[in-house]
Amino acid sequence: NAIRAALGRPIEGFEVFVANARQGRPESGIWKYVRRNGQPRMVKLMVSAIEQSPGQLIGFLGVAVDMTEQLRNEAAFKRSDRLLRTLSDQVPGFIFQYQSTPGGHACFPFASSGIQQAFEVSADDVAITADPVIERIHPDDLAAYADSLRVSSELLTPWLHEFRALLPRRGQRWLRVEAQPERQLDGSMMWFGYITDISREKRLEEQLRDEARLDPLTGAFNRRHLQKQVNHELAMLEQTGKPLSLVMLDLDHFKSVNDTFGHDIGDEVLKATVDVLRRYARTSDMVCRTGGEELVVLCPGTDLKGAITLAEKLHAAVRDIQLPPVPRITASFGVVTARSDDQLPSLMKRADDLVYAAKRAGRDQVHVLRAVLARLEAGR
């Protein structure tokens, strides 16, 4: 029909195959044939005219190639490729092939569309070089990333690694790579695997860690974390003689604050006090809430004299808190230094005794054992 339409006249029989060639246009195309048994075959037919001299046609040269199997395989491959891409696009993260040559060149011969979400680059961006992905990796994680890849390559073990990526639009994301290495005939290494975004899992992990070590109201460290840190610091004291001191404070008349202004205001007083302790404590110090209105500042590497100086500074800072409608906030302090045979309970007990001695003496003051204070005064 197409030939008839092009020539503007009826075409029948053998003329169908040679009509174009007769006009000086070689015939080339895929023709569908049906065998006597009804089986269809796809044939590539090429026909050109043979002339003895210009304008003197003496015949035609035709070549027919059965393309049925090739076309069938190509169609199957396209279906398979389409299925692979459709399935891979549904996988969280993205599926990839990652190739690294002995010369150090790397690229992603295949990457599903999820790479756009994971790294904010396209598969085409990394088909020639992996640099656009490498440039997204957090600088602090680059060395560990490269080392994990090297170990996988040398030992032919699965490449399993977690790292951070810094993305222009989505900011920092946590990613996990899981891939199997395979050495290629040209000496390069090919990894087959996938990368997933684990930022949500990392946030949950961090949240669980915080819940395990932080007081939910004030954000100060809790008693459990204090116990862990004291154990570590006492071990350091035993091994190296590095001093350890502890400052304890208890808010004065805190019950009356709750009774008079309500527990919400009492909570604000606690949070404001912790904020002040953090502001004036040193970076090496650790602010903890051990219960109720009782707070502790653990001072690693600090002798008693240094801890007293810190306690006096904190004492003054608490007095300066302005939090209406509470007219005034004060606290009673106790300061102790650790002994080699101490544990957290004995350290806390001595500090607690000094806090209550400060309260009996009129509150709003710093207390240290008199004998210890006298030795310090004599040494000045």
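Preceding block: the structure.
Here we summarise the structure given alongside this text. (Residues numbered from 1 in each chain as written. Predicted model: local features only at pLDDT ≥ 70, side-chain atom pairs only at ≥ 80, totals over all residues. Heavy atoms only, no water.)

1. Some words on the environment of R164
Logical step 1: Positionally, R164 belongs in strand 6 (residues 159–167).
Logical step 2: In this structure R164 comes out as buried when scored by relative accessible area, which is 17%.
Logical step 3: Considering only alpha carbons, one finds R164 and D197, 33 residues apart in sequence, at a separation of 9.6 Å.
Logical step 4: The contact partners of R164, leaving out residues within four places of it in the chain, are R136, I137, H138, D140, D141, Q172, R173 and W174. (Helix = DSSP H or I, 4+ residues; strand = E, 2+ residues; numbered from the N terminus. Buried < 20%, exposed > 50% of the residue type's maximum accessible area, 1.4 Å probe, protein only. Contact = heavy atoms within 4.5 Å.)

2. Quick notes on the side chain of S245
Logical step 1: With respect to the element layout, S245 can be found in strand 9 (residues 244–251).
Logical step 2: Polar contacts involving the side chain of S245 include one to the main-chain carbonyl oxygen of D303, which spans 3.3 Å. (Polar contact = N/O pair within 3.5 Å; in protein donor to acceptor, adjacent residues only side chain to side chain.)

3. Considering the nonpolar core
Logical step 1: Residues V247, L277, V297, F333 and V335 are the most contacted members of the largest nonpolar core, which totals 32 residues.
Logical step 2: Sorting the residues of this core by element identifies strand 9, helix 10 (254–261), helix 11 (263–280), strand 11 (294–300), helix 12 (304–319) and strand 12 (331–337) as the ones contributing at least two each.
Logical step 3: For L277, the residues in contact, after removing those within four places along its chain, are L249, V287, L295, V297, L314 and V318.
Logical step 4: One finds Y98, A118, I137 and A165 within the second-largest nonpolar core, a separate group that totals 26 residues. (Core = buried A, V, L, I, M, F, W, Y, C linked by side-chain atoms within 4.5 Å.)

4. Brief notes about the sheet that holds strand 2 (residues 40–53)
Logical step 1: In spatial order, the strands read 1-2-3; together these three strands make up an open sheet with antiparallel pairing. The open sheet is flanked by strand 1 (27–34) and strand 3 (56–66), the only strands paired with a single partner. Taken over all neighbouring pairs, the strand axes of this sheet differ in orientation by 30° on average, direction set aside.
Logical step 2: With 10 bridges joining them, strand 2 and strand 3 adopt antiparallel strand pairing. Within the sheet, the bridge partner assigned to L45 lies in strand 3 and is A64. (Pairing = 2+ DSSP bridges. Axes fitted to C-alpha atoms, helices over the stretch in contact; angles between N-to-C directions.)

5. Comments concerning the pattern of salt bridges
Logical step 1: Throughout the structure, instances matching the rule amount to 26 salt bridges.
Logical step 2: D147 is paired through a salt bridge with R150; the nearest N and O atoms lie 2.4 Å apart. A residue pair is termed a helical-turn pair when its members lie 3 or 4 positions apart in one helix, as D147 and R150 do in helix 7 (residues 142–155) at three residues.
Logical step 3: Taking relative accessible area as the criterion, D147 reaches 37% and is therefore assigned partly exposed.
Logical step 4: Two residues, E205 and K202, come together in a salt bridge whose shortest N-O distance is 3.7 Å. Here E205 and its partner K202 are both found in helix 8 (residues 199–213), three residues apart, which amounts to about one turn of the helix. (Salt bridge = Lys/Arg side-chain N within 4 Å of Asp/Glu carboxyl O.)

6. A word on the pairing of strand 5 (residues 106–111)
Logical step 1: Counting buried residues along strand 5, five of its six residues qualify, which places the element largely inside the surrounding structure.
Logical step 2: Counted between consecutive antiparallel strands, the loop separating strand 4 (residues 94–100) from strand 5 contains five residues, among which G104 sits at a positive phi close to 100°.

7. Here's the deal with the pairing of strand 10 (residues 286–291)
On a regular strand, each side chain points to the face opposite its neighbour's, so the side chains alternate between the two faces of the sheet.
Logical step 1: Burial within strand 10 is extensive, with five of its six residues counted as buried.
Logical step 2: The sheet contact formed by strand 10 and strand 11 spans five bridges and is antiparallel. Residue M286 lies in a different strand from strand 11, and its bridge partner there is L298.
Logical step 3: Connecting strand 10 to the antiparallel partner strand 11 that follows it, the hairpin turn spans two residues, and G292 within it adopts a positive phi of roughly 50°.

8. Description of the environment of W191
Logical step 1: Mapped onto the fold, W191 is located in strand 8 (residues 189–197).
Logical step 2: Between the alpha carbons of W191 and Q180 there is a distance of 5.3 Å; along the sequence they are 11 residues apart.
Logical step 3: Not counting residues within four places of it along the chain, the set of residues in contact with W191 comprises F96, Q97, Y98, S100, L149, S152, S153, W159, A179, Q180 and P181.
Logical step 4: A polar contact is formed between the side chain of W191 and the side chain of S152, at a distance of 2.9 Å.

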